[in-house]
Amino acid sequence: MADVVAEVDLLVQDGSLALAETGVPGGGAVKETKELRLSGDVNDRFLDGPACRRIAIVDFEPATGLPSSPPATFTPFTSNPRSGKYVADGDETSATNIAINAFGTVFQTVRMFEGRDALGRRVDWAFGSEQLLVVPRAGEWANAFYERATRSLQFFSFVGESGARVHTALSRDIVAHECGHALLDAVAPSLYDSSTPQSVAIHESVADLVAVIMALDSRRLREAVLARSDNVLAGANAFTAIAEEFGMARPGADGIARHALRELENDETLETLSGARPHILSTLLSAIFYDTLNVVFAKLFQEAKLPDANGVTPTPAAAANKALGTAQIVFRRFLLRGIDYLPPGELSFADVGRATLAADRAARPAASEVRENFSHQFVKRLVVATAQELESPQPQSLAVPPDQVSSLHDSDWAAYQYATRHRSTLGLPDGVSFTVLPRVDSTKVIGAKGDDGVAPIQRELIVKIAWNDTEDSTGTVGGMRVVPTGATVVLKWDTGECLALVRSDVTGVEHRRDRDRLLAQLEEDGALATHDGADVGESVGLRSDGDSGLRASHRLLHLAGWDG
Amino acid sequence: MSDLVVRAYNVGFGDAILVSVPERTSRGKEKTRHLLFDVGNLLAGDGNDDAVFTGVVQDIADRTGGTVDLYVMTHEHLDHVQGLLAARRAGVDLAAKHAWLTGSAHPDYYTTHPDAKLKKRSLELALEDAHRIVQTAPDPWLEMMIRNNSTLLPPGALGLKTSDYVDHLRKIAPPDQTHYVDRTTDLAGKHPFSEATVRLLAPEEDTSSYYGRGGPTLTVAEADAGAAAATASEAPVGLSVPPVGVDPGAFFDLQAARRRNTRRQIMEIDQANNNTSVVLELEWRGWRLLFAGDAELKSWKTMHANGLEPAHFVKISHHGSHNGTYDDLFDELMPQQSPDGRERHALVSTHDGDWDSVPDADGTLSLYRPPRCTLHDTRTVARGASLEIRFAG
Ligand SMILES: [Zn+2]
């Protein structure tokens, strides 16, 4: 059966900025026509809204705050009525256009994340049902967020410094960023309620990097940025400045207009950011990844400038664009597959480093150059003392016979047997009970297409084992704190060999100190939910009376005034 | 020598406190200055009873000759402002020689304080959101909160005219003796006292810090500018069923969460308004009396940072709610041992059955106990009657 397609026109960047400065024709809002593609699911289709099985727009009337009819109509093609278009109208900020833009960007972000150049599998939303709601006009606020409890992405609008209304749902960066939160929550749900500042920051960093990938996914934006920056990625440009329009419309706390929400390129270290709040802390991890993208691009650009087989030397612009097109694919594999290897529980930046390196090694054992540079960044920025700390083993004692791989995937009994048998290798403390999470079956592209036009693939079984550590916490709350932790084992599906064992390490004294500090900051700021009056279920608070770990700490990332 | 008398009336859920301060005049005689705080109650349950004000204000007028020397409106909550106009409508008038209203009640406050203005706009939107919610489904708690905070709305907004109450208080004293005060106000020449000294501990000049982080509102600013009054009487309608293809459970959960968010916003607004309370410290013949309005934790923290001193009398803030007394600062205000050996008193003016956690009998009120102080409670006297606390001169 042919894929079902919906054509949409999406804004390339924040409506009016970036491209206007670069001299790209059209000046104002630059749009690209995109085909949204539902592949292989015969039960899925595009509906008014827009809506499909996994993503649906829910719009609210700005004047009343009440739900309104679907703002965009699906117009089927006569030739193939399951496919069609969502037709925008002439008004940039109409309900229709805002809805189409938000839906289309979310759709493409999910597709990118799940594609064979990234996770290579469909993810299940962390909230346990099938459809993510997208609210393009949620109300008045200079903010946007993903919220698990309401299964939604919510985009607000506000009046900027210039007096014009800024719709966050029209910003490709912001939409991709929030969608990145939802996707990361699907893959690493335990980060949502974490007490470790780095753990909270990982969410923000990954969301920012997903926005970068979605920006790089636009050929026109790639061209424009390369033209502006003279074919280098270093230095401030459209990719490092997430959500330009948002940042410009809303001055920073010091009254100086911020160029954008956060600059991804910086020289921060764990020492310079000591005590920083999760928002700021996230820029350190983002910068490490962004530097890696730079390195990948620079290397590919050098290669692309060489004469081709016919002795023709490409123009620098053509070479750069080709190199960046490839670099973004290498980069998305590098980042997002690492995400899939993250152990359950709270995580440190070093854990992300370990998982990323393990995932890259599993797919490309020979190509170690990017990994070496990446490790070096962690050392340079004082996240770890030595690159060895980022290494993870591939213990072949964890291998299984090839014919047992699928039963390890399907059978909880087999999975628990497996984990019990390998307790000490996994680092599971004696007597501690554990959980084996539902196993993941993922098939990834692991190299360039061959002469036959087929890219090599690798099928992997990802097994995650979770358990709890406990510690005493300080602060006025005091008492006991549960620190969820765990390990990931990855086996090659065809052979049963062990590709990686990644264990998290957040029980160390420095992470405990950071948890105590975060708790104290929250108490000091009165940012912890109290129990009087309105419902507290969706607010940041303590997990329970007996556990001073945090619940819903993910919300800190969009608590206005807590981003300082 | 006469006593200083603090007289607290049982007006239901609200404050009405008359402080009579004997002062020596320059000619060696004694003259009593009358200081009146608030007068109002909340429109909920039987805590609301406008009739009570007729008798109470009559009693105050009888004791003061119809004019108090200083009237203080602590903050713009209905349970603190509505009594004097209600009594006047029933034919009992009371005037003041001086009136102090909390700084942010100044008619021009929001033009001179742009940060506060932004917060106020978001406050108005949230109140309108809440109003729409109670029109769709009854919600007594939310309704009470809307009304309590509605004095900040323009006349006629949401079909209410609660701003009339504050307007009346703006006019009970001569214009040149009506002052909008905050901690930084120079009080010289603005009060009647010659022997007693007064100091303001709160509110801050810029109240925007009380409004906290703010949050989302369901409606946007210009979409309903000026439409509030028009939409007040008719409940707008939205989709009652989810659009085709939208997960119905998620659709209804989302709306419920939006309503909960509005409730949370309204609660924050209510707290912020409490924090704009004028907190007045009166010193007289070695006694230190603290009248705390409805100040909540945020205001207490600021007062603490500016220097809090032990008091012989505390008007317990916010009707004995647990967030009206900052437990950590309690020893500062009322040390275990009286620093000068004088007796100490606390007053709670409150009412049962209006709010779940107010008064907080087991927590907050249990702090104000011997050996620290004697607790006086308006619930111990009949509706409309008053209790007296005396301080010997
Ligand atoms: Zn975020």
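The residue numbers shown here count from 1 along each chain, following its written sequence. By the order in which they are written, chains take letters starting at A while ligands take numbers starting at 1. Per-residue local features are limited, in this predicted model, to residues with pLDDT of at least 70; the limit for side-chain atom pairs, both in listing and counting, is 80 or more; totals at the level of whole chains, interfaces and linings are taken over all residues. Hydrogens and water are ignored here; the side-chain numbers use all heavy atoms of the structure.

Some remarks on the overall build of chain B
Next up, step 1: In DSSP terms, a helix is any run of H or I states spanning at least four residues, a strand is any run of E spanning at least two, and both are numbered starting from the N terminus. Counting its regular elements, chain B contains 12 helices and 13 strands.
Next up, step 2: Each radius of gyration is computed over the set of C-alpha atoms, and the globule rule expresses the reference value as 2.2 Å times the number of residues to the power 0.38. The globule rule puts the C-alpha radius of gyration for 393 residues at 21 Å, and the 22 Å found for chain B is close to it.
Next up, step 3: Its C-alpha atoms give chain B principal-axis dimensions of about 85 × 45 × 40 Å.
Next up, step 4: A 1.4 Å probe rolled over the protein chains alone gives each residue an accessible area, and that area as a share of the maximum for its type sets the label: buried under 20%, exposed over 50%, partly exposed in between. Within chain B, the proportion of its 393 residues that are buried is 59%.

What about the environment of M73(B)?
Residue and element names in this part refer to chain B.
Next up, step 1: Looking at the secondary structure, you find M73 in strand β4 (residues 67-73).
Next up, step 2: On the basis of relative accessible area, M73 is assigned to the buried category, the value being 0%.
Next up, step 3: Placed 42 residues apart in sequence, M73 and D115 show a C-alpha to C-alpha distance of 23 Å.
Next up, step 4: In contact with M73, other than residues within four places in its own chain, are D38, V81, W100, L101, T102, A105, V166, L169 and V278. A contact between two residues is defined here by any heavy atoms of the two lying within 4.5 Å.

Notes on the confidence of the model for chain A
All names here are of chain A.
Next up, step 1: Mean pLDDT over chain A stands at 84; residues scoring 70 or higher make up 87%.
Next up, step 2: Residue-level confidence of the predictor is what pLDDT reports, using numbers from 0 through 100. Here helix α1 (residues 19-22) stands out as the element of chain A with the lowest mean pLDDT, 42, in contrast to strand β6 (residues 132-135), whose mean of 98 is the highest.
Next up, step 3: Here residues 14-28 is a poorly scored stretch, pLDDT under 50, and it has 32 contacts once near neighbours within four places are set aside; other chains count.
Next up, step 4: For residues 531-537, every residue scores under 50 in pLDDT, and the model assigns this stretch 15 contacts once sequence neighbours within four places are set aside.

A look at the packing of aromatic side chains
Next up, step 1: Two rings from Phe, Tyr or Trp (for Trp, the six-membered ring) form a pair when their centres sit within 6.5 Å of each other. Planes less than 30 degrees apart are called stacked, planes more than 60 degrees apart edge-to-face, and all others tilted. Counted by the stated rule, this structure contains 25 aromatic pairs over all chains.
Next up, step 2: Look at F313(B) and F391(B): their rings are 6.0 Å apart centre to centre, the planes differ by 85 degrees, and that puts the pair in the edge-to-face class. Remark: F391(B) occurs in strand β13 (residues 386-391) and F313(B) occurs in strand β10 (residues 313-315); sequence separation between them is 78 residues.
Next up, step 3: We classify F391(B) as buried; its relative accessible area is 0%.
Next up, step 4: Consider the ring centre and the ring normal. A charge sits over the ring if Lys NZ or Arg CZ is within 6 Å of that centre and within 35 degrees of that normal. One Lys or Arg, K305(A), reaches over the ring of F301(A) and ends 4.3 Å from the middle of that ring.
Next up, step 5: Positioned above the aromatic ring of W493(A), the side-chain terminus of R459(A) is 3.8 Å from the ring centre.

Side note on the sheet that holds strand β7 (residues 144-147) of chain A
Residue and element names in this part refer to chain A.
Next up, step 1: Across the sheet, four strands lie side by side as β3-β6-β8-β7; this open sheet has mixed pairing. Two strands in the sheet have a free side with no partner beyond their single neighbour: β3 (55-57) and β7. On average, each strand axis in the sheet is tilted by 15 degrees relative to the strand beside it, whichever way the strands run.
Next up, step 2: In the sheet, β7 pairs with strand β8 (residues 152-155) via four bridges, with the strands oriented antiparallel. Paired with E147 across the bridge in β8 is S152.
Next up, step 3: Only the contacting stretch of a helix is used when fitting its axis, a line to C-alpha atoms as for every element, and angles between N-to-C directions run 0 to 180 degrees. Packing of helix α2 (residues 95-114) onto the sheet brings it into contact with β3, β6 and β8, and relative to β3 it is tilted by some 170 degrees. Any two strands with at least two DSSP-identified bridges between them are counted as paired.

Topic: the environment of L382(A)
Residues and elements named next belong to chain A.
Next up, step 1: Within the secondary structure, L382 is located in the loop between α10 (369-380) and α11 (405-410).
Next up, step 2: Its relative accessible area of 40% is what places L382 among the partly exposed residues.
Next up, step 3: Taking C-alpha positions, L382 is 9.4 Å from E268, a pair spaced 114 residues apart along the chain.

Examining the coordination of the zinc ion
Next up, step 1: Coordination shells were defined by N, O and S atoms within 2.8 Å of each metal, extended to 3.2 Å for Na, K and Ca; water is absent from the atom set, which can make sites look incomplete. Around the zinc ion, the protein contributes the donor atoms H177(A) (NE2), H181(A) (NE2), E204(A) (OE) and E204(A) (OE), at 2.1 to 2.8 Å from the metal centre.
Next up, step 2: Coordination at the zinc ion is irregular, judged from the four donor atoms that bind it and the angles of 50 to 132 degrees they form at the metal. Here the metal geometry follows the donor angles, with tetrahedral for four donors whose angles all fall between 85 and 135 degrees, square planar for four and octahedral for six when opposite donors are more than 155 degrees apart and every other angle is between 65 and 115, and irregular for all the rest.

Structural notes on the interface of chain A and chain B
Next up, step 1: Every contact between the two is made by 45 residues of chain A and, on the other side, 39 residues of chain B.
Next up, step 2: Each partner contributes to the roughly 3400 Å² buried at the junction of chain A and chain B, and carbon and sulfur atoms together form 58% of this total.
Next up, step 3: We count a salt bridge whenever a side-chain nitrogen from Lys or Arg sits within 4 Å of a carboxyl oxygen from Asp or Glu. Between D247(B) and R151(A) there is a salt bridge, with the nearest N and O atoms lying 3.5 Å from each other.
Next up, step 4: Identification of polar contacts relies on pairs of N or O atoms within 3.5 Å, with a donor-acceptor requirement for protein atoms, meaning one able to donate a hydrogen and the other able to accept it, and with residues adjacent in sequence counted only if both atoms are side-chain atoms. For the pair chain A and chain B, the number of links is seven residue pairs in polar contact (both at pLDDT 80 or more).
Next up, step 5: For the side of chain A that touches chain B, the secondary-structure elements that each account for two or more residues are β3, β6, β8, β9 (157-159) and α14 (509-524) of chain A.
Next up, step 6: Think of it as three bins: nonpolar holds Ala, Val, Leu, Ile, Met, Phe, Trp, Tyr, Cys and Pro, charged holds Asp, Glu, Lys and Arg, and polar takes everything else, Gly as well. Here the side of chain A that touches chain B is composed, by residue class, of 22 nonpolar, 14 polar and nine charged. Computed with a 1.4 Å rolling probe, the buried area is the accessible surface lost when two parts are put together, summed over both parts.

Observations concerning the confidence of the model for chain B
Next up, step 1: Mean pLDDT over chain B works out to 87, with 93% of the residues at or above the 70 mark.
Next up, step 2: The complex model carries a pTM of 0.86, and its ipTM stands at 0.87.

What to know about the pairing of β4(B)
The two faces of the sheet receive side chains in turn, since in a regular strand these alternate between them.
Residue and element names in this part refer to chain B.
Next up, step 1: Across the seven residues of β4, six count as buried, placing the element largely inside the fold.
Next up, step 2: With three bridges connecting them, strand β3 (residues 30-38) and β4 associate as parallel partners. Bridge pairing in β4 places L35 opposite L70.
Next up, step 3: In this sheet, strand β5 (residues 95-102) lies alongside β4 in parallel orientation, the contact comprising six bridges. Within the sheet, the bridge partner assigned to Y71 lies in β5 and is A99.

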